[in-house]
Amino acid sequence: MRILLTNDDGIHAEGLAALERIARTLSDDVWVVAPETDQSGLAHSLSLSEPLRMRKVSEKHYALRGTPTDCVIMAIRQVMDIKPDLVLSGVNSGSNVADDVTYSGTIAGAIEGTLQGVRSFALSQAYLYENGSRVVPWDVAETHAPALLNKLMTVDLPDGTFLNLNFPNCRPEEVDGAEVTAQGNLAFNVQVEERADGRGFPYYWLRFGERNGIFRPGTDIQALKQNRISVTPLKLDLTDYSAQDRVARALGME
C-alpha cells in the first residue's frame, strides 16, 4: 500500500513526524508532501496567483511553498509516478471538530485526496494550554491510530466521503474507545485586535475568544469531552436536500 502524508502545520511539525510513524505501521511505502510553512486556517484553498516552489527534503519527502490542497495535487500529479492508495492528513496540533472543519487545512488535505479519488483520513490531536504553552499528547494518536486505521481501511466508503478522526486530550490508557459521531456545533468566537505599527498605521490580529459548544450526545465535541476517539464521516456534497422543496416553492417551481 502506498500512503501519502500531508498536513497544515508544516513540513517540520511534530504531528507530521508522529503521522509518519503511524503510517509506517501500515506500509513501508510512505511519501510526504507538506507545506514549507504553517498553513493553518487556510481551508481548501489553492495557490493560483503565485508559483509553487518545491524542494526535496529527503527520499520521498518534499516541502512545498503552498497550501495543503496544493501539496496533495502536486504529490499526485507531479511527484508520485503512481497514485497513492491512502491519503493521511495531520496529525494536527489541536482538534478539528464541529464548525472548525470548514476552516481547517488538515481537513482540506483529506478533501483534496477525496477529490483526487483516493481514500482519505484527517487526523487531529486535542490538547490544552498549561502555563501559557501547548501540551500536546501525541502518544494518544500514536498509540491508537494504527489499529483504528487498519479497521477503517476495510470500510466501503461512498464516493465523495472521507473520515475525520479526532483524538482526546488524555493519557493513552484513559481513552474510552472510539465512537462514530456527527459534526457538532462550536461557536466560532473570533475577535479583532487592533494594533499600530512603528509609523502609527493600524494593523489587525484575529484571535479566538471563549468558545461555547453544544455538547449533544453523538457529536464529535461530546466524544472528545468523554475521552473517546471521534470518527466522523464527512462528505463533499454540501447540498441541503431538505431545503430544496422550500426554495423551489419560493421560486414558483413546484
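Residues numbered from 1 in each chain as written. Predicted model: local features only at pLDDT ≥ 70, side-chain atom pairs only at ≥ 80, totals over all residues. Heavy atoms only, no water.

### Description of the UniProt feature "binding site: a divalent metal cation" (unreviewed entry) in the protein
Sites flagged by UniProt as "binding site: a divalent metal cation" (unreviewed entry) map to Asp-8, Asp-9, Ser-40 and Asn-92. On the basis of their most widely separated C-alpha atoms, the annotated residues across 85 residues gather in one place, lying no more than 9.2 Å apart. Checked against the element boundaries, Asp-8 lands in the loop between strand 1 (2–6) and helix 1 (14–23). Relative accessible area serves as the criterion here: at 3%, Asp-8 is assigned to the buried category. Setting aside its immediate chain neighbours within four residues, Asp-8 contacts Pro-35, Thr-37, Asp-38, Gln-39, Ser-40, Gly-41, Pro-68, Asn-92, Ser-104, Gly-105 and Thr-106. Along the chain, the position of Asn-92 falls in strand 5 (residues 86–93). Asn-92 has contacts with Asp-8, Asp-9, Thr-106, Leu-123, Ser-124, Gln-125 and Trp-138, leaving out every residue within four places of it along the chain. Separated by 2.8 Å, the side chain of Asn-92 and the backbone oxygen of Gly-94 make a polar contact. (UniProt positions renumbered as here; feature names shortened; annotations may be inferred. Helix = DSSP H or I, 4+ residues; strand = E, 2+ residues; numbered from the N terminus. Buried < 20%, exposed > 50% of the residue type's maximum accessible area, 1.4 Å probe, protein only. Contact = heavy atoms within 4.5 Å. Polar contact = N/O pair within 3.5 Å; in protein donor to acceptor, adjacent residues only side chain to side chain.)

### Looking at the environment of Gln-116
Residue placement: Gln-116 occurs in the loop between helix 3 (105–115) and strand 6 (119–125). It is 8.6 Å that separates the C-alpha atoms of Gln-116 and Val-72, two residues lying 44 residues apart in sequence. Here Gln-116 is in contact with Val-72, Ile-73, Ile-76, Arg-77 and Lys-83, once residues within four sequence places are set aside. Within the structure, the side chain of Gln-116 is placed 3.0 Å from the side chain of Arg-77, a separation counted as a polar contact.

### Examining the nonpolar core
Counting 34 residues, the largest nonpolar core has Leu-5, Leu-88, Phe-121, Leu-123, Leu-149, Leu-165 and Phe-167 as its most contacted members. Broken down by secondary-structure element, the contributors of at least two residues to this core are strand 1, helix 1, strand 2 (29–35), strand 5, strand 6, helix 4 (138–152), strand 9 (161–167) and strand 15 (229–235). No other element matches helix 4, which puts 7 residues into this core. In contact with Leu-88, other than residues within four places in its own chain, are Ile-3, Leu-4, Leu-5, Thr-6, Leu-19, Ala-23, Phe-121, Leu-123 and Leu-149. Within the second largest apolar cluster, 14 residues are counted, among which are Trp-31, Leu-64, Cys-71 and Val-79. (Core = buried A, V, L, I, M, F, W, Y, C linked by side-chain atoms within 4.5 Å.)

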